[in-house]
Amino acid sequence: MMIALVDIGNTRTKYVYQKGQELSAIEAVANEQVTMIWLDRHFSAISQLIVANVSQNSLSELITSWAERHQVDLHLVRTEKKRFGIVSAYNQPEKLGVDRWLAMIGAYKLYPGKNMLIIDAGTATTVDLLAASGEHLGGWIIPGIDTMFNSVLQQTANVEADKGENASIAFGRNTGENVNNACWAATVGAIEVAIRQAETVVPELDLVLMTGGNEKALSNLLKSKVTSVKNLVFVGLQAYIAE
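Residues numbered from 1 in each chain as written. Predicted model: local features only at pLDDT ≥ 70, side-chain atom pairs only at ≥ 80, totals over all residues. Heavy atoms only, no water.

1. Brief notes about empty space enclosed by the protein
Vacant regions in the atomic arrangement are exposed by a probe of water-molecule size rolled over the atoms.
Right, on to step 1. A full pass over the atoms with the stated rule returns 1 cavity of 30 Å³ or more.
Right, on to step 2. Considered as a void within the structure, the largest cavity measures approximately 30 Å³ in volume.
Right, on to step 3. Lining the largest cavity we find Arg 100, Ala 103, Met 104, Ile 118, Ile 119, Asp 120, Thr 126 and Asp 128.
Right, on to step 4. Contributing elements (two or more residues each) for the lining of the largest cavity: helix 3 (98-110), strand 9 (116-121) and strand 10 (124-130).
Right, on to step 5. Of the residues belonging to the lining of the largest cavity, the class tally is 4 nonpolar, 1 polar and 3 charged. (1 Å grid on protein atoms, 1.4 Å probe; cavity = no way out; pocket = protein on both sides within 12 Å on 5 of 7 lines; lining within 4 Å. Points joined across faces, edges and corners; volume = space filled by probe spheres on them. Helix = DSSP H or I, 4+ residues; strand = E, 2+ residues; numbered from the N terminus. Nonpolar A, V, L, I, M, F, W, Y, C, P; charged D, E, K, R; others polar.)

2. What about the nonpolar core?
Right, on to step 1. Among the nonpolar cores identified, the biggest contains 28 residues, and Leu 5, Ile 50, Leu 102, Ile 118 and Leu 237 are the most heavily contacted of them.
Right, on to step 2. Of all the secondary-structure elements, those providing two or more residues to this core are strand 1 (2-8), strand 5 (48-53), helix 3, strand 9, strand 12 (207-211) and helix 7 (232-238).
Right, on to step 3. Residue contributions to this core peak at 8 residues, all from helix 3.
Right, on to step 4. By size, the runner-up hydrophobic cluster in this structure holds 24 residues, among which are Leu 117, Ile 119, Ala 198 and Leu 221. (Core = buried A, V, L, I, M, F, W, Y, C linked by side-chain atoms within 4.5 Å. Buried < 20%, exposed > 50% of the residue type's maximum accessible area, 1.4 Å probe, protein only.)

3. Examining the packing of helix 1 (residues 36-43) against helix 2 (residues 57-70)
Right, on to step 1. The contact between helix 1 and helix 2 brings their axes to 10 Å, and the two run at 55°. On the basis of their axis angle, the class for helix 1 and helix 2 is oblique. Helix 1 and helix 2 meet at a crossing whose hand is right-handed. Mapping the contact onto sequence places Met 36, Leu 39, Asp 40 and Phe 43 in helix 1 and Leu 62, Ile 63, Ser 65, Trp 66, Arg 69 and His 70 in helix 2.
Right, on to step 2. Within the contact of helix 1 with helix 2, the residues separate by chemical class into 6 nonpolar, 2 polar and 2 charged. (Axes fitted to C-alpha atoms, helices over the stretch in contact; angles between N-to-C directions. Parallel < 35°, antiparallel > 145°, perpendicular 65-115°, else oblique. Left-handed = near helix turned anticlockwise from the far one by under 90°. Contact = heavy atoms within 4.5 Å.)

4. Observations concerning the sheet that holds strand 12
Right, on to step 1. In spatial order, the strands read 11-10-9-12-13; together these 5 strands make up an open sheet with mixed pairing. In this open sheet, the two edge strands, each paired with only one partner strand, are strand 11 (136-143) and strand 13 (227-228).
Right, on to step 2. Contacts from helix 5 (residues 175-201) reach strand 9, strand 10, strand 11 and strand 12, with the element oriented near 170° to strand 11. (Pairing = 2+ DSSP bridges.)

5. Considerations on unusual backbone geometry
Right, on to step 1. Of note, Gln 71 is a non-glycine position whose phi angle comes to about 55°, a positive value.
Right, on to step 2. Following the sequence through the fold, Gln 71 ends up in the loop between helix 2 and strand 6 (73-76).
Right, on to step 3. The exposure class of Gln 71 is exposed, given its relative accessible area of 74%.
Right, on to step 4. Positive phi outside glycine occurs at Phe 84, with the angle close to 55°.
Right, on to step 5. Within the fold, Phe 84 resides in the loop between strand 7 (82-83) and strand 8 (86-87).

6. With respect to the packing of aromatic side chains
Right, on to step 1. Summed over all chains, the structure comprises 7 aromatic pairs.
Right, on to step 2. When the centroid spacing of 6.4 Å and the interplanar angle of 65° are considered together, the rings of Phe 43 and Trp 66 count as edge-to-face. Here the residue Phe 43 occupies a position in helix 1, and Trp 66 occupies one in helix 2, the gap between them amounting to 23 residues.
Right, on to step 3. Accessibility expressed as a relative area gives 2% for Phe 43, which makes it buried.
Right, on to step 4. Grouped by ring-pair contacts, the aromatic residues Tyr 15, Tyr 17, Trp 38, Phe 43 and Trp 66 constitute a single cluster. (Phe/Tyr/Trp six-rings, centres within 6.5 Å; stacked < 30°, edge-to-face > 60°.)

And the structure:
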């Protein structure tokens, strides 16, 4: 039996296959490329489909239609107040992004009984503090690196810059470096402050977990020790298999 775990983000759809207990490498495609034909090509051999969708309701409808047509067991994951030992801090739990919810479930599954700060560095950089008991103690949402960079260009007159490939907090010597490096510096600074803030909330902060597209670059820039988990959201999605 093969299962597909799907994480639909703001711009890209990431997915893995699970056969037995093994997860395949993470693959990704632009959201606009996900069509009935694409689903036929990539998911024809699966028996169960677990999907988390941050924002693309039209894709949920498309996938639901495809699953019904092919009689594939589909679970569209929603955030909840309490599940798998996690208790959301939100009074309106459905307002918490499903990617953050799944990252917490995945973290709790991998590291039970630990006070953890969970950072997902993607289109947005999210920070969530999870107590050893499974209680969510709140978090932050800040613009991701690319989002921050593009915002400066869009909102500031006469600033023209091309985003470089380098992740650096060095002082720049041209406008491109000034904007690019400042975005990395602002994010690194926010994470370091989040770590200090977390240490005032829990008796001992056991782990800082980092996931998302920018996790490697940010981990290299941080002074604090970080544990990287590339597939944290997919570990969370695994909890919903065969429910």
